Amino acid sequence: MATHEELRAWDNAHVWHPFAPMQEFRADDTPIIRSAEGFELTDVEGRRYLDGHSSLWCNVHGHRVPEMDQAIRDQLDRVGHSTLLGLSSEVSIELAKQLVDRTPEGLNQVFYSDSGATSVEVALKMAYQYHRQKPGGAEPRDLFVSVAGAYHGDTIGSVSLGGMDIFHATYRDLLFQKLTVPSPVTFRVPDGHDAESWLAHCDAELEKTIVGNADRIAAVVVEPLVQGAAGILVHPEGYLRRVRELTQKHGVLLIADEVAVGFGRTGTMFACDQENVRPDLMCLAKGLTGGYLPLAATLTTDEISEAFLDVPWAGKTFFHGHTYTGNPLGCAAALASLELIDRNDVVGNGRAIGARLADRLTDFAARCTCVGEIRQKGVMCGIELVSEGDSREPFAADKRVGHQVTLAARRRGAVIRPLGDVIVLMPAPAMPVELVDRLCDITFESIEEVVARFT
Ligand SMILES: *Cc1c(COP(=O)(O)O)cnc(C)c1O
């Protein structure tokens, strides 16, 4: 086996890491993970790290969960992969049935793909094509609406919806046109507004955008309840329901991107459940396989799928697919994960540790002057660090305060990942409360260590 030094050198020479400023990344001596157990990752030198971001927001039950591992091994003994192009597969059918049973009533059709981004691409193309083929006559529509600061993935269609300049601005000329509605969050409101007037403005803009362009809008795309990558921005109660009401009233489709929030992250199985919303299309990925394998699904209604039915030569087919669409190993993992979610009441545990996190975060915010805002829904937490709590003034970007906090946490034995200077805690919904406490201890000590350097 290669030594740590060899692996480090080869990693630096050959592996281009996602979302990484590679020049600095190579200097960081990032842990090289070899194995894991429960909620801890172990690197090749034997150091252990609490998995504080659930392996980037996807792990649900921990690592090396015996039931998960066994389900995948059992599937390996049957078949690793067979295609859904021209064939069906046993596990993909069983999983589709389970997903339909658990998602909001009426989402009866499951289209598989491989990642959150592709599940969004599928939803966009379905919505676009639906309007050209829908009963009552074609009505081509050329616009999508998304929320300011949205993140829906990194393929070009998903990037077109995106509103995070740091990720998306470079590609502007490649992207399709969209309309943006303001994000209903109040930590930093534009001059001339207070929180209340800003939320009223967001609501008016939402309505104006939909009403004024209803005949051109294919769909409104939202991250239900929480805009994750924008910094764990929590929408006010009722916003999602309001988007549903307006889209429904004006004949516009609603795409709910539950990639981050699905599978118990916000206190319910799906975020849409909390506002009794049934979107027209729903995107699932990250937690779908319990965080084990890349599998995604786009669910939609019979009404939408029926617009694609006709004789083959009518050209109404949905011409989309990926080689590994509905991969059986991924489906087997997803089935095992759903069973464990039920058996262990993982959603209930997520709510319980969410409550614990809320207590710990409130307590910390009261004693640390560099906490600008705590944002939380279920196990999704963002701690926005500012140079002085009351001023809401960010730290200078070149201090990389968020990044420094993650390095300090790593030395204390936890991996977390910031979004700028928002420290994100995202424990797996099944994490036991003692480990959540340890994650809080490590994070708070790390923040205190780093801000002491800069204030
Ligand atoms: C992570 C994420 C995506 C993209 O998922 P990938 O599997 O990384 O392509 C899409 N939407 C939301 C809301 C996400 O958080």
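These numbers were taken from a predicted model, which means no experiment stands behind them.

With that out of the way, let us pick up the sheet that holds strand β16 (residues 417-419). Overall, antiparallel pairing links the four strands, which are arranged β13-β14-β17-β16 in an open sheet. Unpaired on one side and paired on the other, β13 (371-377) and β16 mark the two borders of the sheet. Going across the sheet, the axis of each strand differs from the next one's by a mean of 25°, ignoring polarity. Relative to β13, helix α14 (residues 346-367) is tilted by about 175°, and along the sheet it contacts β13, β14 (380-385) and β17 (422-425). Contacts from helix α15 (residues 401-411) reach β14, β16 and β17, with the element oriented near 170° to β16.

The next thing to look at is the nonpolar core. Counting residues in each nonpolar core, the largest one holds 33 residues, and the members touching the most others are Ile383, Leu385, Val405 and Ile447. Elements that contribute at least two residues to this core include exactly α14, β14, α15, β17 and α16 (433-454). At nine residues, α16 tops the list of elements feeding residues into this core. Among residues more than four places away in sequence, those in contact with Leu385 are Cys370, Val371, Phe395, Val401, Val405, Asp421, Ile423 and Ile447. The next biggest cluster of nonpolar side chains, apart from the first, holds 29 residues, and it includes Trp57, Val145, Val220 and Cys272.

Let us look at helix α13 (residues 328-343). Across its 16 residues, α13 extends 22 Å between first and last C-alpha, which sits within 8% of the 22 Å expected from 1.5 Å per residue. Burial within α13 is extensive, with 13 of its 16 residues counted as buried. Directly after α13, the chain includes Asp345, whose backbone phi takes a positive value near 45°.

Quick look at α14 now. Spanning 22 residues, α14 covers 32 Å between terminal C-alpha atoms, matching the ideal 32 Å at 1.5 Å per step. Along α14, the residues that are buried comprise Val346, Val347, Gly348, Gly350, Ile353, Gly354, Leu357, Arg360, Leu361 and Phe364. Close packing links the buried residues of α14 with α13, β13, β14, β17 and α16.

With that out of the way, let us pick up the pattern of salt bridges. Under the counting rule described, the total for this entry stands at 34 salt bridges. Among the salt bridges present, the one from Asp437 reaches Arg356, with a minimum N-O distance of 2.9 Å. Of the two residues, Asp437 sits in helix α16 while Arg356 sits in helix α14, which places them 81 residues apart along the sequence. Since its relative accessible area comes to 31%, Arg356 is described here as partly exposed. In this structure, Glu448 engages Arg367 in a salt bridge whose closest nitrogen and oxygen atoms are separated by 3.0 Å. Remark: Arg367 occurs in helix α14 and Glu448 occurs in helix α16; sequence separation between them is 81 residues.

For β14, the buried fraction is high: six of the six residues fall into the buried class. The alternating pattern of β14 places Met380, Gly382 and Glu384 and Cys381, Ile383 and Leu385 on opposite faces, both of which are buried. Here β13 runs beside β14; their pairing, made up of six bridges, is antiparallel. Within β14, the position partnered with Ile374 by the bridge is Ile383. Between β13 and β14, which pair antiparallel and follow one another directly, the connecting turn spans two residues, one of which, Gly378, has a positive phi of 60°.

Surveying the vicinity of the ligand reveals the residues Ser115, Gly116, Ala117, Tyr151, His152, Gly153, Glu223, Asp257, Val259, Ala260 and Lys286. One nitrogen or oxygen atom from the main chain of Ala117 is found 2.8 Å from an oxygen atom belonging to the ligand. Taken by itself the ligand offers 380 Å² of open surface, and the protein chains cover 82% of this. Grouping the constituent residues of the shell around the ligand by class yields four nonpolar, four polar and three charged.

In most cases, non-glycine residues show a negative phi, while peptide bonds are predominantly trans. Positioned with a positive phi, Phe263 is a non-glycine residue whose angle comes to about 65°. Locating Phe263 in the fold gives a position in the loop between β10 (253-257) and α11 (271-274). Phe263 gets classed as buried once you look at its relative accessible area, which sits at 2%.

A separate point is the packing of α14 against α16. Axis separation between α14 and α16 bottoms out at 10 Å; the angle between their running directions is 20°. As the angle between them shows, α14 and α16 are arranged roughly parallel. Where α14 crosses over α16, the handedness of that crossing is right-handed. Note on element contacts: α16 touches α14 through Val433, Val436, Asp437, Cys440, Asp441, Phe444, Ile447 and Glu448, opposite Ile353, Arg356, Leu357, Arg360, Leu361, Phe364 and Arg367. Of the residues assigned to the contact of α14 with α16, the class counts are nine nonpolar, no polar and six charged.

What follows covers the environment of Leu335. Here Leu335 shows up in helix α13. On a C-alpha basis, the gap between Leu335 and Thr289 in space is 7.6 Å, while along the polypeptide they are 46 residues apart. For Leu335, the residues in contact, after removing those within four places along its chain, are Val91, Glu94, Leu95 and Gln98.

As a further point, take the sheet that holds strand β2 (residues 40-43). With mixed pairing, four strands are arranged side by side in an open sheet as β1-β2-β3-β15. Either end of the sheet is taken by a strand with one partner, and the two such strands are β1 (33-37) and β15 (414-415). On the sheet, α16 packs against β2, β3 (48-51) and β15 and is oriented at approximately 105° with respect to β3.

About the criteria used
Residues numbered from 1 in each chain as written. Predicted model: local features only at pLDDT ≥ 70, side-chain atom pairs only at ≥ 80, totals over all residues. Heavy atoms only, no water. Pairing = 2+ DSSP bridges. Helix = DSSP H or I, 4+ residues; strand = E, 2+ residues; numbered from the N terminus. Axes fitted to C-alpha atoms, helices over the stretch in contact; angles between N-to-C directions. Contact = heavy atoms within 4.5 Å. Core = buried A, V, L, I, M, F, W, Y, C linked by side-chain atoms within 4.5 Å. Buried < 20%, exposed > 50% of the residue type's maximum accessible area, 1.4 Å probe, protein only. Expected span 1.5 Å × (residues − 1). Salt bridge = Lys/Arg side-chain N within 4 Å of Asp/Glu carboxyl O. Near = heavy atom within 4 Å. Polar contact = N/O pair within 3.5 Å; in protein donor to acceptor, adjacent residues only side chain to side chain. Areas by Shrake-Rupley, 256 points an atom, 1.4 Å probe, with all protein chains shown as cover. Nonpolar A, V, L, I, M, F, W, Y, C, P; charged D, E, K, R; others polar. Parallel < 35°, antiparallel > 145°, perpendicular 65-115°, else oblique. Left-handed = near helix turned anticlockwise from the far one by under 90°.

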